[in-house]
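Structural overview
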Amino acid sequence: MRYKIVSDSASNIHTIEQVPFSYAPLHIIVGDRDFPDDDRLDLARMEEELSRGGKSGTACPGTGDWLDAFGDAESIFCVTITSGLSGSCAAARAAKAEYEEQYPLRHVHVIDSLSAGPEMALLIEKLQELICTGASENEILDSIREYTCRTRLLFCLKSLRNLANNGRVSPSAAKICEILGIRVVGQASTQGTLEILNKCHGEAGALSRMVKIMNGAGFSGGKVRLMHNSNENAAEKLAGLIRGTWENADVRISPTLGLCGYYAENGGIMLGFDTPGSSRL
Ligand code: X90
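Since we're looking at a predicted model, the values are computed, not measured.

1. Focus on the site of the ligand
As a structural note, the neighbourhood of the ligand is formed by 17 residues, with Thr 58, Cys 60, Leu 85, Ser 86 and Arg 168 the closest of them. Taking Thr 58, its side chain carries an N or O atom lying 2.6 Å from an oxygen atom of the ligand. A distance of 2.7 Å separates an oxygen atom of the ligand from a polar side-chain atom of Ser 86. Among the cavities detected, the one that contains the ligand is the largest pocket. Of all the secondary-structure elements, those providing two or more residues to the shell around the ligand are strand E5 (56-59) and strand E8 (151-157).

2. What to know about helix H5 (residues 137-148)
Its twelve residues give H5 an end-to-end C-alpha distance of 17 Å, which sits within 8% of 16 Å, the value for a rise of 1.5 Å per residue. Among the residues of H5, those classed as buried are Glu 137, Ile 140, Leu 141, Ile 144 and Tyr 147. When H5 is viewed along its axis, its buried side chains cluster within an angular range of 130° and face the same direction. Residues of H5 that are exposed and angled more than 90 degrees away from the buried face: Asn 138 and Arg 145.

3. Focus: the pairing of strand E10 (residues 194-201)
Across seven bridges, strand E9 (residues 182-188) lies against E10 in antiparallel orientation. The residue bridging Val 184 from the neighbouring strand is Lys 199, located in E10.

4. Some details on the sheet that holds strand E13 (residues 269-274)
One open sheet holds the six strands; their spatial order is E10-E9-E8-E13-E11-E12, and the pairing between them is mixed. Every other strand in the sheet has two partners, leaving E10 and strand E12 (250-255) as the edge strands with one partner each. Here the average twist between neighbouring strands, direction ignored, is 20°. Sheet topology note: the E8/E9 ladder contains four bridges and is antiparallel. Paired with Leu 154 across the bridge in E9 is Gln 187.

5. Re the environment of Lys 158
With respect to the element layout, Lys 158 can be found in the loop between E8 and helix H6 (161-165). Along the sequence, Lys 158 and Ala 121 sit 37 residues apart, while their C-alpha atoms lie 23 Å from each other. In this structure, Lys 158 is in contact with Cys 177, Ile 182, Arg 183, Asn 266 and Gly 267, ignoring residues within four places of it in sequence.

6. Regarding the pairing of E12
The two faces of a sheet get side chains in turn, since along a regular strand they alternate between them. In this structure, strand E11 (residues 223-228) lies alongside E12, joined through six bridges in parallel fashion. Bridge pairing in E12 places Met 227 opposite Ser 254. Following the chain from E11 across helix H9 (residues 232-245) to the adjacent parallel E12, one finds a crossover that is right-handed.

7. Some points on the side chain of Glu 49
Tracing the backbone through its elements, the reader meets Glu 49 in helix H1 (residues 43-51). Ignoring sequence-local partners within four residues, the contact set of Glu 49 consists of Val 30, Arg 33 and Phe 35.

Parameters at a glance
Residues numbered from 1 in each chain as written. Predicted model: local features only at pLDDT ≥ 70, side-chain atom pairs only at ≥ 80, totals over all residues. Heavy atoms only, no water. Near = heavy atom within 4 Å. Polar contact = N/O pair within 3.5 Å; in protein donor to acceptor, adjacent residues only side chain to side chain. 1 Å grid on protein atoms, 1.4 Å probe; cavity = no way out; pocket = protein on both sides within 12 Å on 5 of 7 lines; lining within 4 Å. Sits in = over half its atoms within 2 Å of the grid points. Helix = DSSP H or I, 4+ residues; strand = E, 2+ residues; numbered from the N terminus. Expected span 1.5 Å × (residues − 1). Buried < 20%, exposed > 50% of the residue type's maximum accessible area, 1.4 Å probe, protein only. Arc of directions from axis to C-beta. Pairing = 2+ DSSP bridges. Axes fitted to C-alpha atoms, helices over the stretch in contact; angles between N-to-C directions. Contact = heavy atoms within 4.5 Å. Right-handed = clockwise from strand over helix to strand, strands pointing away.

Right under this line is the structure:
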C-alpha cells in the first residue's frame, strides 16, 4: 500500500520524514495581493503589507489544490483545519469524492482536526508513526480516531483583530484585547470553534494559566507542540514551565507560517498537547 499524508498549510508543516507528504496552501489576501501559504511565502513582506492596515482576509484551498496534493497515492490520510472555521475540509471532501470516482481502488480518509496548527501537527506525527510501524489502513484509522480524543489545542493571543474582521470571533470578544496588556487564553472547542477561557493581565499570567489548563485536562508529560508568531521568548518560557512541571514532556517549538501567523497575529502562541486518556472528561 502506498500511503501519503496530506494536510492544508494551517498545520504549519511543509515536510516530514519517512512518509510521503504534501500540503494544500491556504491564501492570505492583503488588499489586492494574494499570498499563498507555501514555501515561497515571504512572511516579512506579508507582515509589511498587513501593517499598512488595509482590508485583509484568507481563502481555503480549492478542490483542485487538494487533488494536486493527493498526487497519485493509493491511500491518503488528509488532515484539515477545523470545518468549524474554514471551508478547507469541505473542499477536501469534494476532492476525495472526485479522486475515488476517478480511481476506484484508491482511498482518501479526510480527518477534520476540529483544530489548527500544532494539534494538526500532532495528528500528522501520529499518522507518520502508525504508517512507519506497518499498521494496516484500518488499524491506522482506528488509532487516529482514538488519538483525536486525546489531543487538545490552547492559544494565547494579544489581538483578535484579524479573527474578528473575518467573522471567526465576535467583535465583542475582540474588544477585550483592546485593553493594553490583556492576553486572551482559549481553546479549540469540541465543535472546532474558538472558545475563550480566560482574560489575563500580562503574558506571565497567561502562560501559567495555560499550564493549569493542561494539568486539568490530564496532561502527564506527553507531547507538546508550541507554535508562535514572532514570540520565541514566550514559547521558551512556556516550554520551561511545562518541563518544570513534567520533566519528561516532549516539547518542541516552531514558528507559525502564513495562515496561523495571520490569525494568531504578532506575539500569538498556539499549543497542542496529548494526554494518556480522553482529555475531555
Ligand atoms: O478558510 C479560511 O479562509 C481559513 C480560516 C481560518 C480561521 C481560523 C484560523 C485560526 C488560526 C488562531 C488561534 C487558534 C484558534 C483555533 C480554533 C479552532 C490560529
